[in-house]
Structures are given as structure tokens and as C-alpha cells.
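# Tertiary structure, described
If you want the building blocks of each chain, they are given just below.
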Amino acid sequence: MQAQTNRQLILRSRPKGLLAPGDLELVQTPLPTIHDGQALAKAKYLSVDPTMRVWMAVDTYLPACAIGEVMRAIGLAEVVESRHKEFKKGDKVVGLTGLQDYCVIDSADKRGGLRKVPPIPFLSDTAFLGVLGATGLTAYFGMMDIAKPQKGETLVVSAAAGATGSIAGQIGKIHGCRVVGIAGGAEKCKWITEELGFDAAVDYKQPDWKEKLAAATPKGVDIDYENVGGEIMHEVLKRMNLHGRVVLCGLISGYTKEDPALESFATILRKRLRVQGFIILDYADRFMEGATQLGKWKMFGKLKHRETIVEGLEKAPDAINMLFTGANIGKLIVKV
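Now for a look at the structure at hand. Note that the structure is a prediction, hence the values are computed from the model and not measured. (Residues numbered from 1 in each chain as written. Predicted model: local features only at pLDDT ≥ 70, side-chain atom pairs only at ≥ 80, totals over all residues. Heavy atoms only, no water.)

### A word on the sheet that holds strand β10 (residues 200-203)
- The sheet built from six strands is open, its strands ordered β10-β9-β8-β11-β12-β13 with parallel pairing. Both edges of this open sheet fall to β10 and β13 (274-277), since each of them pairs with a single strand only. Here the strands of the sheet are splayed against their neighbours by 15° on average, with no regard to which way each runs.
- Pairing analysis gives five bridges linking strand β8 (residues 154-158) to strand β9 (residues 178-183), with the strands arranged parallel. The residue bridging L155 from the neighbouring strand is V179, located in β9.
- Strands in contact with helix α3 (residues 163-174) are β8, β9 and β11 (221-226); relative to β8, the strand with the most contacts, it is inclined by about 170°. (Pairing = 2+ DSSP bridges. Helix = DSSP H or I, 4+ residues; strand = E, 2+ residues; numbered from the N terminus. Axes fitted to C-alpha atoms, helices over the stretch in contact; angles between N-to-C directions. Contact = heavy atoms within 4.5 Å.)

Encoded structure:
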């Protein structure tokens with residue numbers, strides 16, 4: 001029997017540092033009533049991503065989430081009722097669902113809204129939030145369009161045991177790179193080397209991590225797939241070779257700080273590096289291309305992925321904080 005209420009996590013205040021109790025409030029609202037051209041979908045899984053912490057604070061490529069609004073999030077949902085010609089009951093969709101039980105698909109939404117996902121027997125629903133979702137696509141386009149990896153080059157990936165970094169490193173291996181991952185803790189380092197095939201792992205929680213980074217990159221670094229920023233990025237930049245490429249995907253080390261102090265970019269000038277920031281929405285019209293290639297690599301055993309699943313919508317605030325305390329491995333997902 002379908003619930004008559006919709007649980008929603010509402011943004012009540014802009015966090016200072018990690019999320020505190022009360023920044024997101026769990027409320028119950030009436031179940032939305034749909035009209036012609038609309039469908040109602042029930043969330044099954046919600047993606048937990050570092051960019052959510054940015055959406056809570058400032059305008060970026062999307063406006064900041066407004067105080068009093070349902071917190072923005074990507075999710076996978078199943079259509080439970082439809083008056084929309086393109087969606088039928090049972091269809092699974094992925095897109096901006098928000099942190100809530102139910103969302104409305106509206107044909108009047110010209111931003112693209114939620115899109116149907118194809119049923120693929122060997123893939124779980126959660127794969128469409130991770131390896132074939134925004135994080136996998138971010139790794140794919142960052143590597144293929146910006147990094148352009150070549151056989152024999154050295155690739156360093158920070159946050160290498162995360163959802164995006166783990167895929168980016170494996171794409172580097174597929175293209176014949178020497179891949180060095182930077183991650184926090186022995187378990188993560190073991191996973192990326194023994195399971196994912198990275199050539200070396202550097203545990204930034206160890207006091208000698210800078211020396212280990214130098215030892216793991218004896219020929220310098222050709223590609224930096226940068227997810228972290230701060231001191232880690234600075235150390236990698238010092239190891240960069242002439243005309244290296246820096247894929248500026250994220251700066252997670254600064255997302256929970258009032259004034260993230262990034263290191264001087266003088267190295268970029270001196271070493272003539274190519275640094276390019278990018279947002280996955282830039283590639284929206286090529287998502288099918290990326291997902292198709294990722295799916296092939298996955299099917300042939302060239303890509304592995306791992307998930308950390310947190311149970312319950314009410315646990316979403318704790319899950320968001322896990323991204324910044326390093327408590328997850330692979331893709332972090334909330335099961336609603």
C-alpha cells in the first residue's frame with residue numbers, strides 16, 4: 001500500500017564545517033497529487049556526493065539550494081503513478097529527485113528532469129548512481145576529454161578510493177598508464193591496488209606520505225586527476241612533468257571550511273601545465289556515449305566498483321558527513 005505522506009529533508013541553515021543537527025530537518029508533507037503531463041516516482045536510492053555540501057552554501061554552476069527547500073540530490077526512483085505519456089508505472093528513472101521519498105516528473109520541466117534507465121540484467125539499480133551514473137561519467141569525460149591518457153604515462157588520482165577517483169584510475173589502467181592512487185587508510189590503499197589494479201597507493205594519513213608519493217612517481221607525474229585540493233594537490237603539482245595535464249574535478253578538502261586557502265598556482269606557470277576545471281553537466285548531450293563505453297568495460301571485467309550503502313532517508317545528513325571524514329569506500333548511497 002502506497003504511503004500517504006512524503007518524508008523530505010529540508011535545508012534549514014547553511015552548514016559551518018560538517019553538517020550539524022538542524023541544518024537539515026526531516027519533515028512529513030502530503031503525498032503530491034499529479035496532473036496530466038506528470039508522473040509520481042518513489043525514490044529507491046539517493047546518491048551522496050561532495051557537491052551537495054557546495055550546493056548548501058554558495059551559487060556555483062547551479063544556484064545554492066534555498067533555505068526552506070528540499071535538499072537537492074540525485075537519486076534513482078521508480079514510477080508508481082503516471083499521467084505522463086513518456087513514463088509508465090514501473091519505469092525506473094534517475095536525476096535530481098531531492099532528499100525525499102517521492103518526486104514529481106513534469107513534462108513542463110525543460111531542464112531535462114529525470115530520465116529513464118534501461119534494464120540491464122548484469123547491473124544493479126545502484127550502478128546508475130555510481131559507475132554508470134554521474135560519478136562514472138565524471139571520471140570518463142575527465143579522463144577521455146581532458147587528461148587524454150597515453151600508454152606509459154604516470155597518472156596520480158587523489159581520493160582514489162572514492163566513487164569518481166576509483167573509476168578514473170581504472171580508466172588510466174585501461175589506457176596503459178602507471179596509476180598511483182592517494183587514499184586515506186590501509187583498507188582503501190589495499191582495495192585500489194589489490195582489487196582495482198593501481199600500481200601504487202599512497203596513504204596520506206601516514207606521516208611519510210610525501211616521501212611515498214615521490215617514490216611512487218620516479219618519472220614524475222603526467223596527469224593529476226584532482227579531487228582533493230589543498231596540501232595533497234600542492235605535493236602532486238610539485239611532481240608534475242613539463243606540459244602535464246591537471247583535471248580539476250573537485251577540491252573536497254576545502255568544502256567544509258569557511259575560507260579554503262588553495263596553494264599558489266605559480267607551479268602551473270613554471271611547468272606550463274594544462275589545468276582545466278569541468279562540470280559533468282557540460283557533457284549532458286554525451287551521457288549515452290559515456291555510459292555505453294563504461295558499460296562495455298564493466299561487462300568485460302575491466303571496471304570494478306564498490307559501494308557503501310547507508311540505510312534510511314533520515315541517515316542522509318550523517319552520510320553526507322561521511323564524505324568528509326573518509327568513512328566510505330567507493331560510491332556512497334542512501335537506501336531510502
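### Section: the packing of aromatic side chains
- Within this structure, the stated rule accounts for four aromatic pairs.
- Geometrically, the ring pair formed by Y140 and W297 is tilted, given 6.1 Å between the ring centres and 55° between the ring planes. Residue Y140 is found in helix α2 (residues 134-147), and its partner W297 is found in helix α8 (residues 287-299); the two are separated by 157 residues along the sequence.
- Judged by its relative accessible area of 7%, Y140 falls in the buried class.
- The exposure class of W297 is buried, given its relative accessible area of 9%.
- Ring centres 6.3 Å apart and planes at 80° place the aromatic pair F278 and Y283 in the edge-to-face group. Just as F278 is buried, Y283 falls in that class too. (Phe/Tyr/Trp six-rings, centres within 6.5 Å; stacked < 30°, edge-to-face > 60°. Buried < 20%, exposed > 50% of the residue type's maximum accessible area, 1.4 Å probe, protein only.)

### Here's the deal with the environment of K44
- Note on placement: K44 falls in strand β3 (residues 38-47).
- We classify K44 as partly exposed; its relative accessible area is 27%.
- Every residue in contact with K44, bar those within four places of it in the chain, is listed here: L76, A77, E78, K92, D125, V334, K335 and V336.

### Section: empty space enclosed by the protein
- On inspection of all chains with the given rule, the structure shows one cavity of 30 Å³ or more.
- One number sums up the size of the largest cavity: a volume of about 50 Å³.
- For the largest cavity, the full set of lining residues is G130, V131, A163, S166, I167, H305, R306, G330 and K331.
- Sort the elements by how many residues they give to the lining of the largest cavity and α3 lands first, with three residues.
- A per-class count over the lining of the largest cavity returns three nonpolar, four polar and two charged. (1 Å grid on protein atoms, 1.4 Å probe; cavity = no way out; pocket = protein on both sides within 12 Å on 5 of 7 lines; lining within 4 Å. Points joined across faces, edges and corners; volume = space filled by probe spheres on them. Nonpolar A, V, L, I, M, F, W, Y, C, P; charged D, E, K, R; others polar.)

### What to know about the nonpolar core
- Counting 44 residues, the largest nonpolar core has L155, I171, Y225 and L294 as the members making the most contacts within it.
- Of all elements in the fold, only α2, β8, α3, β9, α4 (186-195), β11 and α8 reach the threshold of two or more residues within this core.
- The element that contributes the greatest number of residues to this core is α2, accounting for seven residues.
- Each residue touching I171, except ones within four places of it in the same chain, is listed here: A139, Y140, M143, M144, L294 and W297. (Core = buried A, V, L, I, M, F, W, Y, C linked by side-chain atoms within 4.5 Å.)

### What to know about α3
- With twelve residues, α3 extends 17 Å between its outermost C-alpha atoms, agreeing within 8% with the 16 Å of an ideal straight helix rising 1.5 Å per residue.
- Of all the twelve residues making up α3, ten are buried; the element is thus mostly covered by neighbouring parts of the structure.
- The complete set of buried residues in α3 reads A163, T164, G165, S166, I167, A168, G169, Q170, I171 and G172.
- Of the residues one or two after α3, G176 is the one with positive phi, at around 85°. (Expected span 1.5 Å × (residues − 1).)

### With respect to the pattern of salt bridges
- Using the criterion set out here, one finds 18 salt bridges in the structure.
- The residue R83 makes a salt bridge to D36 at a minimum N-O spacing of 2.7 Å. In this pair, R83 is assigned in the loop between β4 (74-82) and β5 (92-96) and D36 in the loop between β2 (24-30) and β3, connecting sequence segments 47 residues apart.
- You can call D36 exposed: its relative accessible area is 64%.
- Among the salt bridges present, the one from E289 reaches R286, with a minimum N-O distance of 2.9 Å.
- The class of R286 is partly exposed, set by a relative accessible area of 26%. (Salt bridge = Lys/Arg side-chain N within 4 Å of Asp/Glu carboxyl O.)

### Remarks on a nonpolar patch on the surface
- Residues F122, M299 and F300 make up a contiguous nonpolar surface patch of about 360 Å² in total accessible area.
- Mapping F122 onto the fold places it in the loop between β7 (115-116) and α2. (Patch = residues over 30% accessible without salt bridge, like charges linked within 9 Å, V, L, I, M, F, W, Y side chains within 5 Å. Areas by Shrake-Rupley, 256 points an atom, 1.4 Å probe, with all protein chains shown as cover.)

### Considering the pairing of strand β12 (residues 240-248)
- Two strands pair when backbone bridges link them, and β11 and β12 are joined in this way by five bridges, in the parallel orientation. Residue pairing in the sheet places I223 in a bridge with R245 of β12.
- A crossover links β11 with its parallel partner β12, the connecting element being helix α6 (residues 230-238), and its sense is right-handed. (Right-handed = clockwise from strand over helix to strand, strands pointing away.)

### Some remarks on unusual backbone geometry
- For K148, which is not a glycine, the phi torsion comes out positive at approximately 50°.
- Summarising the element assignment, K148 is placed in the loop between α2 and β8.
- Given the relative accessible area of 42%, K148 is considered partly exposed.
- One non-glycine residue, A159, lies in the positive phi region at around 50°.
- Residue A159 is classed as partly exposed on the basis of its relative accessible area of 31%.

Without other data, these values stay purely geometric and don't point to any function.
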